[in-house]
Amino acid sequence: MGVTIRLLRSTDRPCVEEILAACSVFSEEEIRVALAMVDAGLDGEYALLAIETDDQLDGYACFGPAPLTTTSWYLYWICIRSQAQSAGVGRALQTAVEAAIRTQGGTCLVVETSGRADYAKTRRFYELGGFIEAGRIAGFYGPGDDCVILSKVLTGDTRE
């Protein structure tokens, strides 16, 4: 199995849309926002990485510096094709994101995600990847849908 991490290309956009829709946890509005951020990333506003296995796009990540901070970054989106989940693909992409952030002097990575039950697997992914819950805003996304804020201190070790 040949795994490649590379910059996301404009030709990847249809596949990104397919991957987002297939996850079945994102609403149409969330998919629209994710794709708008992909478009903005392709224009240089965010960093975009892709991961592929045997020349098939398996996922992508969208990240960028947190405004008004010196070394903090946001991981805005990371989405892995459902068939590739639990195979280390997401972790490989996370590791690549963290390495890219370190090269830019980043020392802190922040993620916001849903507190809904159907996001438990997502939250567990982040926890296993070294993130800790830094805060929670009750009902942020809607009634019964908390915003869970996770953070990770990035060390100089790129082998995490």
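See above for the structure.
Here the residue numbering is sequential within each chain, running from 1 through the sequence in written order. It should be noted that, the model being predicted, local features are given only for residues of pLDDT at least 70 and side-chain atom pairs only at 80 or more, the latter also being counted only at that level, while totals for whole chains, interfaces and linings use all residues. As a rule here, side-chain values come from all non-hydrogen atoms in the structure, and water together with hydrogens is ignored.

Undergrad: What exactly am I supposed to notice about unusual backbone geometry here?
TA: Phi angles above zero are rare outside glycine, and Ser24 is one such case at about 60 degrees. Locating Ser24 in the fold gives a position in the loop between helix H1 (13-22) and helix H2 (28-42). You will see that Leu68, though not glycine, has its phi angle at about 65 degrees, which is positive. The residue Leu68 is located in the loop between strand E3 (56-65) and strand E4 (72-80) in this model. We classify Leu68 as exposed; its relative accessible area is 91%. Here a strand is any run of E in DSSP of at least two residues, a helix any run of H or I of at least four, and the numbering for each starts at the N terminus. Only protein chains enter the calculation, and the probe is 1.4 Å; a residue is then buried if its accessible area is under 20% of its type maximum, exposed if over 50%, and partly exposed in between.

Undergrad: Teacher, can you tell me more about the pairing of strand E5 (residues 108-114) here?
TA: Taken residue by residue, a regular strand's side chains alternate between the two faces of the sheet. Here E5 lies mainly inside the structure; five of its seven residues are buried. Relative to E5, E4 runs parallel, the two being bridged by three bridges. Counterpart to Tyr74 in the pairing with E5 is Val110. The rule for pairing is simple: two strands pair if DSSP sees at least two bridges between them. Judged from the seven bridges that link them, E5 and strand E7 (residues 145-153) form a sheet pairing that is antiparallel. Pairing of Val110 across the sheet is with Ser151, part of E7.

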